[in-house]
Amino acid sequence: MSTNLFPVQVNADYQAEQLIAKLGITLVECRPGLVVGTMPVSGNRQPVGIMHGGANAALAETLGSFAAWLHAGDGGQAVGTDLSCTHHRWVASGIVTGVATPLHEGRTSATYEIAITDDAGRRTCSARLTCAISRRVRRPR
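Treat the numbers as computed from the prediction; the structure is a model and nothing was measured.

Asks: Would you take a moment to explain the nonpolar core for this structure?
Replies: Buried together is how nonpolar side chains tend to be arranged in soluble globular proteins. Residues Val35, Met39 and Ile114 are the most contacted members of the largest nonpolar core, which totals 33 residues. Those elements that place two or more of their residues in this core are α1 (19-23), β1 (26-31), β2 (34-40), α2 (53-72), β4 (95-105), β5 (109-117) and β6 (123-134). Considering each element in turn, this core owes the most residues, nine residues, to α2.

Asks: I would appreciate a short explanation of the environment of Ile133 in the present structure.
Replies: Mapped onto the elements of the fold, Ile133 is located in strand β6. Ile133 gets classed as buried once you look at its relative accessible area, which sits at 7%. Taking the C-alpha atoms as reference, Ile133 lies 8.1 Å from Trp69; in sequence the two are 64 residues apart.

Asks: Just to check I follow, could you spell out the side chain of Asn44 for this structure?
Replies: Relative to the assigned elements, Asn44 resides in the loop between β2 and α2. The residues contacting Asn44, other than those within four sequence positions of it, are Leu23, Met39, Ile50, Met51, His52 and Ala55.

Asks: Help me out: how do you make sense of the pattern of salt bridges in this one?
Replies: Two side chains bearing opposite charge may form a pair once their charged atoms approach each other closely. Following the criterion strictly, the structure yields three salt bridges and no others. Residue Arg123 pairs with Glu113 through a salt bridge whose shortest N-O separation is 3.4 Å. Note that Arg123 is positioned in strand β6 and Glu113 in strand β5, a separation of 10 residues in sequence. Relative accessible area serves as the criterion here: at 36%, Arg123 is assigned to the partly exposed category. The partner of Asp118 in a salt bridge is Arg122, and the shortest N-O contact between them spans 2.8 Å. Look at Asp118 and you get buried, because its relative accessible area is 8%.

Cut-off values and rules
Counting from 1, residues in each chain are numbered in the order their sequence is written. Since the coordinates come from a predicted model, pLDDT governs what is reported: local features require at least 70, and pairs of side-chain atoms require 80 or more to be given and counted, while whole-chain, interface and lining totals use all residues. Where side-chain values are given, they derive from all heavy atoms of the structure, hydrogens and water being excluded. We define a nonpolar core as any set of buried Ala, Val, Leu, Ile, Met, Phe, Trp, Tyr and Cys residues linked to one another through side-chain atoms lying within 4.5 Å. Each residue's exposure class comes from its accessible area (1.4 Å probe, protein chains only) as a fraction of the maximum for that residue type: buried when under 20%, exposed when over 50%, partly exposed otherwise. Put simply, DSSP marks the helices as runs of H or I at least four residues long and the strands as runs of E at least two long, and each gets a number from the N terminus on. Every residue pair with non-hydrogen atoms within 4.5 Å of one another is taken to be in contact. Definition used for salt bridges: Asp or Glu carboxyl oxygen within 4 Å of a side-chain nitrogen of Lys or Arg.

Pasting the structure below:
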């Protein structure tokens, strides 16, 4: 798992325990205002053979959380407080792509839309993630 695009340092003690590695999530682009990632259907299926809705939710929360971390800035933190997903169509093979864009980026909260599409570019899931933001407080000396 490459962490060179991560907006936050992964604690070495937890490097091998990252959910994104288990799901096969790859970050394609990670910059303020846009986070893009992909995830294979293979390995992320429900019993009937289609993409598991929980895997979609994990992809959405991953991308939206990274966007929030970028918004929080150096020394800041972000934590998800609300996630909703609407699954529009099922996916049985290939790779899905998620694109997180801001709907609101404030001082203490940020909300992102995450559009997930299949290989043909059809929207398969729409998600919205709200994160609480805390910024590093600099105390005068």
